[in-house]
Amino acid sequence: LDNGLAKTPPMGWLSWERFRCNTDCVNDPDNCISEQLFQTMTDIVVADGYASVGYEYINIDDCWLEKHRSHDGKLVADRKRFPNGIKALSDYIHSRGLKFGIYEDYGNYTCAGYPGIIGYEEKDALQFADWNVDYVKLDGCYALPYDMDHGYSTFGRLLNSTGKSMVYSCSWPVYQIYAGIQPNYSAIQTHCNLWRNYDDIQDSWASVENIIDYYGNNQDVIAPNAGPGHWNDPDMLIIGNFGLSYEQAKTQFAIWSILAAPLLMSVDLRTIRPQFKHILQNRKIIAVDQDPLGIQGRRIYKHKGIEIWSRPIGPLYQNFYSYAIAFVNRRTDGTPSDISVTLKELGLINFSGYRVEDLYENVDYGVLYPNTKIKVKVNPSGVVMLKGEVQYPVDL
Ligand code: A2G
């Protein structure tokens with residue numbers, strides 16, 4: 001969507017994977033979906049350095065609404081859990097220098113059974129503008145997938161005509177795929193800033209692996225649709241929760257950056273362990289994700305549990321890109337695997353060479369050439385991530 005927003009993949013925090021539809025503020029006041037939870041995460045994003053590496057959106061997901069609209073058809077936030085209302089929360093987030101995202105559903109109900117948008121499209125678009133919303137996720141439960149080409153594009157136009165620019169996150173393709181419909185990705189990129197292609201992420205390595213496989217196996221259809229202003233969304237980062245080891249968390253972050261994915265953390269930032277925070281704040285890998293060329297990377301090798309993923313990034317020298325390369329070990333035999341390849345085999349063929357560095361370990365390999373063999377040791381379910389920055393010929 002060419003609305004001037006999301007020129008690079010959006011970064012921020014989203015409640016769903018970690019906090020779900022916990023509405024029990026009586027027994028679990030610190031973890032329920034409430035204005036307090038979002039204020040707390042806002043404070044931590046600012047205070048603990050997340051904002052300064054690029055995380056900017058604080059996004060509500062499902063379960064923020066009252067079960068019914070007001071008598072005049074307006075959306076109403078749950079009065080007990082959001083006692084000051086959505087505008088106050090939006091103001092709070094903005095006053096801390098961050099941006100505010102909200103969730104609704106294209107159908108009759110949200111996935112968790114709260115009011116949906118059907119029949120109120122224009123009213124809700126105006127309401128979001130009025131609340132100074134910066135980002136809207138429109139889910140697709142309780143809707144007809146055949147109607148989505150029309151419905152998602154119409155709501156996008158309504159958002160746009162409010163005059164307030166809002167990032168538009170669509171769940172349009174995934175529900176169509178579930179219904180056996182081939183999504184019209186050219187329409188989707190025209191109308192949305194990002195969209196979900198596949199299953200919801202869960203708190204497990206199996207779920208992350210499933211998503212990685214989906215994006216690899218379907219890359220010829222999916223990858224070309226990404227670019228500045230329009231991104232594929234493999235779903236939230238679950239780094240720092242219960243399901244991923246340290247190695248697996250590094251792998252999720254590396255692959256998401258190769259995929260030019262939105263970086264939406266869904267984790268309790270109050271209790272995250274330092275090693276996971278460190279991953280989420282890795283500036284070099286964030287820079288890969290946020291590369292301004294916006295070319296989504298691909299899986300270029302897969303054999304016996306070893307995968308190599310590659311993404312062209314800047315700077316460019318003539319037609320030669322720089323590259324981010326992720327070596328992933330999906331084997332579970334308990335010992336690190338050695339992978340050894342020449343730069344040429346990875347497609348790095350510029351004669352002037354590439355400055356190669358390791359983005360997690362801060363090792364600088366110096367300038368290497370197409371015939372140089374590099375050897376990496378990759379831990380089980382882990383990753384080694386390199387960047388090769390194209391070199392200019394030296395004038396003699
Ligand atoms: O509803 C759906 O399952 C969403 N999935 C998920 O992300 C979350 O928002 C949930 C809330 O009930 C998609 O948007 C594909």
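Please read all numbers here as calculations on a predicted model, not as lab measurements.

Novice: Just give me the short version of the pattern of salt bridges, but keep the residues and values in it.
Specialist: Under the defined criterion, the tally for this structure stands at 24 salt bridges. In this structure, the salt-bridge partner of R69 is E104, at a minimum N-O distance of 3.4 Å. Of this pair, R69 sits in the loop between β2 (57–59) and α3 (85–95) while E104 sits in strand β3 (residues 99–105), placing them 35 residues apart in sequence. This pair shows no difference in class: R69 is buried, exactly as E104 is. When the shortest N-O distance is used, the salt bridge between E361 and K250 registers 3.8 Å. Pair noted here: E361 is in the loop between β13 (354–358) and β14 (364–368) and K250 is in helix α10 (residues 246–258), with a separation of 111 residues, a long-range link. The network of salt bridges with common partners includes E209, D213, K302, E307 and R330.

Novice: Lay out the domain arrangement of the protein chain with the relevant residues and their values.
Specialist: By the assigned domains, the protein chain splits into domain 1 (11–289) and domain 2 (298–390). On the domain 2 side, the residues contacting the 29 residues of domain 1 number 24 residues. When the two sides are added together, the surface that domain 1 and domain 2 hide from each other amounts to roughly 2,200 Å², 54% of it contributed by carbon and sulfur. Looking only at domain 1, the three residues that lose the most surface to domain 2 are I258, K284 and V288, adding up to 27% of its buried area. Counting across the domain 1 and domain 2 interface gives 5 salt bridges. Across the pair E209 and R330 runs a salt bridge, and its minimum N-O distance is 2.7 Å.

Reading guide: rules and limits
Residues numbered from 1 in each chain as written. Predicted model: local features only at pLDDT ≥ 70, side-chain atom pairs only at ≥ 80, totals over all residues. Heavy atoms only, no water. Salt bridge = Lys/Arg side-chain N within 4 Å of Asp/Glu carboxyl O. Helix = DSSP H or I, 4+ residues; strand = E, 2+ residues; numbered from the N terminus. Buried < 20%, exposed > 50% of the residue type's maximum accessible area, 1.4 Å probe, protein only. Domains from an automatic or database assignment. Contact = heavy atoms within 4.5 Å. Buried area = accessible area lost by both parts, 1.4 Å probe.

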